[in-house]
Structure formats: structure tokens, C-alpha cells
Amino acid sequence: MITDEWLMIQVQNDDLDYLKDLFERYQVRLYNFFLRMTFDQDVSDDLVQNVFIRLMKYRKSFNPEYKFKTWVYQMARNVHHDHYRKNKQLTDDFKKVENVADLHHSDEEDEITRERESVLFQALDKMPEEKRELIVLGKLEGMKYEEIAEIRNTTVGNIKVQMHRAIQQLREIYFNHAEN
């Protein structure tokens, strides 16, 4: 199997046909990351496009000694931060949050599961961005602590502590919201 790193090296060497393969591999992952961070489908689409624009612009800075996945998620994280710094628009629109939960279920799926997921996304929306990002990367995107530490430029031990605290806070918000 061709690795992400090999594909990126080809892009880095101006063989841009391979960018399509990276886009196909990461478009949905990045979209889901942004959707879970922003709760806005249109913004998530735009941010995915911005990541790939930056990837093209900064392709020469990719270091093949590191994983492409962590490099592209660092870029995604920066794109997300830049977007909200420019627009200053953090939303409290729970209709959008509920719509995010509905995207993952068909009509046949259990209403209780949908309701719990909706409460989870509403709880995530109430969390500080840094903690929400940790939970999205670790629990929803399935990244390992080592990958998150590399993305955030910190130690694995620090990520474990931060994740523990973020999960505690999410649990409190979730159960307080579920009771109301």
C-alpha cells in the first residue's frame, strides 16, 4: 500500500496528481473533525478546502521523517483557529448541533441513541475549544495520545492529563444537560 508520506513527497516534488489521492484519503476525516468542532456543515466544507490550499502552499515544508497525518491535522487545527480569529463567530445554535447528530443516523436507528448523541454534541459545544478539540481528536477521530501530542507539540503525559480533565468536564456538562 502506498503511504501518505510517499504521496506527500510526490506532491512536494511538484507531482500534483498525487494530491487527489491525499484529498480522497483525508477529505471525510477532516470534514468530520471540522464538523465536530464547528457544528456547521458549510464552514466545515470551506475549512477542508482551506487545509488543502495550505497543503499546496506549504508542501515544501513537509518533513517526511514525520507522519503526514499529524502534519495535516496540525494544519487543520491552525486553519480552524485562523478562521475563528478572523470571524469571531462561535455559535450557540443548538439546531445546528442537533443536525450534526442526525447526520450519523438513518431513520431506522434508535431514537434514544440519536437523543443521547444530540446531548453529547450539545455538551461538546459548551466546552472550551481546546478541551473539545482533545475529545474530538482522541475519542471521535480515534487518534492515539502520541499523535495528539505531536499535533499539539507537547508530551504524551501532558495529553493524558488534559484528556482526563476534558472527559471529566464533558461528563459533568453531559449529565447536567441530560437532567434538564
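Further up the page is the structure itself.
These notes cover the structure that comes with them. Here the structure is a predicted model, which means the values were calculated and not measured.

Here's the deal with the packing of aromatic side chains
As enumerated under the stated definition, the model contains 10 aromatic pairs in all. Between phenylalanine 23 and phenylalanine 52 the ring centres are 4.9 Å apart and the planes differ by 70 degrees, which places this aromatic pair in the edge-to-face class. Remark: phenylalanine 52 occurs in helix 3 (residues 41-57) and phenylalanine 23 occurs in helix 2 (residues 19-38); sequence separation between them is 29 residues. Phenylalanine 52 sits in the buried class, given a relative accessible area of 6%. Judged by centre distance (5.2 Å) and plane angle (70 degrees), the ring pair of tyrosine 26 and phenylalanine 68 falls under edge-to-face.

Overview of unusual backbone geometry
A positive phi angle, close to 60 degrees, is found at phenylalanine 39, a residue other than glycine. Turning to its location among the elements, phenylalanine 39 is positioned in the loop between helix 2 and helix 3. Here asparagine 153, not a glycine, exhibits a phi torsion of approximately 55 degrees, which is positive. If you trace the backbone, asparagine 153 turns up in the loop between helix 8 (145-152) and helix 9 (156-179). With relative accessibility at 71%, the residue asparagine 153 sits in the exposed group.

About the thresholds
Residues numbered from 1 in each chain as written. Predicted model: local features only at pLDDT ≥ 70, side-chain atom pairs only at ≥ 80, totals over all residues. Heavy atoms only, no water. Phe/Tyr/Trp six-rings, centres within 6.5 Å; stacked < 30°, edge-to-face > 60°. Helix = DSSP H or I, 4+ residues; strand = E, 2+ residues; numbered from the N terminus. Buried < 20%, exposed > 50% of the residue type's maximum accessible area, 1.4 Å probe, protein only.

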